[in-house]
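Each chain is listed here by its residues.
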Amino acid sequence: MSDIQIALFVDIILLTVCTVLLLRFGRLSASHATSIYLFFHVYTVTSRLLTVALGSITLFSDWGVQFRPVTHGEIIRAGTFADIALLAVTIASIKASRDDLAKNGPPPMTEEPAPTLSLGHIWRVSAVVFPIGVLSLMALVYLPGLNVASAANLGDWQSSSWITITEIWSGLAVLALIYWYGFRWWLLMPMGVYLFIMAFQGYHRFRVIIPVILLIQIYLNRHKLKWPTLSMVGILLTVMLLFYPLKTIGRLVQSGASIEEISNASTEIVGGALVGENGDQQFLDQLASTVTLVDESGRFYYGGTYAPLITLPIPRQLWPDKPGLADAMKSFSKPWRPMAISGMIMTYIGESYVNFGDIGVILVPFLLTYWLCRIYFRSERSNYYSVARFAYLLVVSSLLQVYRDGLSSLVL
């Protein structure tokens, strides 16, 4: 048995034990943050170890002789860090559950507390942001069938997040109304149009994926369901498969490609994903590369990767040299592993190591999970029409992005 196969075997055993313990003592559900984390671990770690054990090439292996491929040893080390993080997540989840029960007792089966969301506020906010969002979509994004990518000419401000964030305002307004009113046809129609437009932009796939996850979470919570139905699982699997070719589909549509060309490209990308040959399945490789590069740089950042969040609201157009969220990666990237310039990610485990070394791999997952679990239990004891429940679902729907990109994404 090779070293990578041993690492896979250990990971599967640990994953199985942790899952059993969490189901027994963690009070899991589809809305529980740790359930999302288990999926993230299977997708990022277990499945990647499996494909590498079956012969899949590692990151940078096919980039050219000037690049240094990620080795199996680095993959095994990254997998070990991920397993340690999984163990920390499991302990934190069970502790949070026990602490909640000790403080509050079993969840009450009586009438829920009074609502705290205000329908009037929701409508007032929606009345402002929805039309602005529609105008932004018409002016800033590619609209299928119109052969125009942008009708606006805002100069340096064209790419400012203060401007581009308005592109999602119409979708956010509709989501808030769906949360209150449920899945009414007059809300599903604009939501469908919004998702259709976002799907063809060729970038920011999270603008499609996260709303779909949130819609499923809303459905589960409105109907008091603990786990998705089979039909909902089918929707999630479909969305997962669409995740891989979504950028390519958008770019091909914008370039005027035929339906056959789009279909062939999508089939090829999905086929590659099914055998583990897609770049979006190399998150473990990117974690491994991050750990090695940080070790070679000889320094940790001690929270420095989070510091740019302080100056984040200041437009770069007013402060061109303001600190960037990827500055740390730029500092440790090398020409033979150009992670920053290639737009790669560290995962939140890699980010934890970048900041605090080995202890960060234990401490950050533990603290983050404990906090998420406590607010989950708090939301479960609240009325569906409460700020606590609404806010928690917004957070949990974004967690895959957070686990993939780092804690800064929780703010973004």
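Here, every reference points to the structure presented above.
Residues numbered from 1 in each chain as written. Predicted model: local features only at pLDDT ≥ 70, side-chain atom pairs only at ≥ 80, totals over all residues. Heavy atoms only, no water.

> What exactly am I supposed to notice about the packing of helix α7 (residues 185-199) against helix α8 (residues 206-222) here?
For any two helices packed against each other, one specifies the inter-axial angle together with the distance between the axes. Contact pair α7 / α8: the axes reach a minimum separation of 9 Å and the direction vectors enclose 150°. With respect to α8, the axis of α7 lies roughly antiparallel. Residues M191, Y194, L195, M198 and A199 of α7 form the contact with α8, whose participating residues are R207, V208, P211, V212 and L215. Among the residues making up the contact of α7 with α8, the classes are represented as nine nonpolar, no polar and one charged. (Axes fitted to C-alpha atoms, helices over the stretch in contact; angles between N-to-C directions. Helix = DSSP H or I, 4+ residues; strand = E, 2+ residues; numbered from the N terminus. Parallel < 35°, antiparallel > 145°, perpendicular 65-115°, else oblique. Contact = heavy atoms within 4.5 Å. Nonpolar A, V, L, I, M, F, W, Y, C, P; charged D, E, K, R; others polar.)

> What exactly am I supposed to notice about the packing of aromatic side chains here?
Any aromatic ring pair is given by two values, namely how distant the centres are and how the planes are angled relative to each other. Counted under the stated rule, the structure contains 26 aromatic pairs. Relative to F283, the ring of Y43 has its centre 6.0 Å away and its plane inclined at 55°; by these criteria the two rings are tilted. A residue pair is termed long-range when its members are at least 10 positions apart, and Y43 in helix α2 (residues 33-53) and F283 in helix α12 (residues 283-297) qualify at 240 residues. Since its relative accessible area comes to 7%, F283 is described here as buried. Cluster of aromatic residues (ring-pair linked, three or more members): Y179, W180, Y384, Y385 and F390. We note R205 situated over the ring of F243; from NZ or CZ to the ring centre the distance is 4.0 Å. Directly above the aromatic system of Y301 lies the positively charged group of R299, at a separation of 3.9 Å from the ring centroid. (Phe/Tyr/Trp six-rings, centres within 6.5 Å; stacked < 30°, edge-to-face > 60°. Buried < 20%, exposed > 50% of the residue type's maximum accessible area, 1.4 Å probe, protein only. Lys NZ or Arg CZ within 6 Å of the ring centre and 35° of its normal.)

> Looking at this structure, how should I read helix α6 (residues 169-181)?
Because an α-helix completes one turn every 3.6 residues, residues spaced three or four positions apart along the sequence face the same direction. Between its first and last C-alpha, α6 extends 18 Å over 13 residues, near the 18 Å set by a 1.5 Å rise per residue. With eleven of its 13 residues buried, α6 lies for the most part within the structure. Within the sequence span of α6, burial applies to S170, G171, A173, V174, L175, A176, L177, I178, Y179, W180 and Y181. Buried-residue contacts for α6 involve α4 (119-140), α7, α8 and α16 (387-397). At the C-terminal side of α6, G182 shows a positive phi close to 90°. (Expected span 1.5 Å × (residues − 1).)

> Help me out: how do you make sense of the nonpolar core in this one?
Burial of nonpolar side chains together is a common tendency in soluble globular proteins. Counting 106 residues, the largest nonpolar core has Y37, M191, F332, Y348, I349, L399 and Y403 as the members making the most contacts within it. Setting aside its immediate chain neighbours within four residues, Y403 contacts A33, I36, Y37, F40, T347, Y348, L368 and L372. (Core = buried A, V, L, I, M, F, W, Y, C linked by side-chain atoms within 4.5 Å.)

> Looking at this model, I keep getting lost on the pattern of salt bridges. Mind explaining?
In a structure, side chains of opposite charge can pair up when their charged atoms sit close to one another. Applying the stated criterion across every chain, the model contains ten salt bridges. As a salt-bridge pair, E74 and R337 come within 2.8 Å of each other at their nearest N and O atoms. Taken together, the residues span a long stretch of sequence, with E74 in helix α3 (residues 72-104) and R337 in the loop between α13 (327-332) and α14 (347-356) at a distance of 263 residues. In this structure R337 comes out as buried when scored by relative accessible area, which is 0%. Across the pair D295 and R77 runs a salt bridge, and its minimum N-O distance is 2.6 Å. Remark: R77 occurs in helix α3 and D295 occurs in helix α12; sequence separation between them is 218 residues. (Salt bridge = Lys/Arg side-chain N within 4 Å of Asp/Glu carboxyl O.)

> Sorry, what's going on with a nonpolar patch on the surface here?
Together, M1, I6, F9, V10, I13, V17, L21 and F25 make up a nonpolar patch on the protein surface, roughly 760 Å² of accessible area in all. Following the sequence through the fold, M1 ends up in the segment before α1 (3-25). With relative accessibility at 73%, the residue M1 sits in the exposed group. (Patch = residues over 30% accessible without salt bridge, like charges linked within 9 Å, V, L, I, M, F, W, Y side chains within 5 Å. Areas by Shrake-Rupley, 256 points an atom, 1.4 Å probe, with all protein chains shown as cover.)

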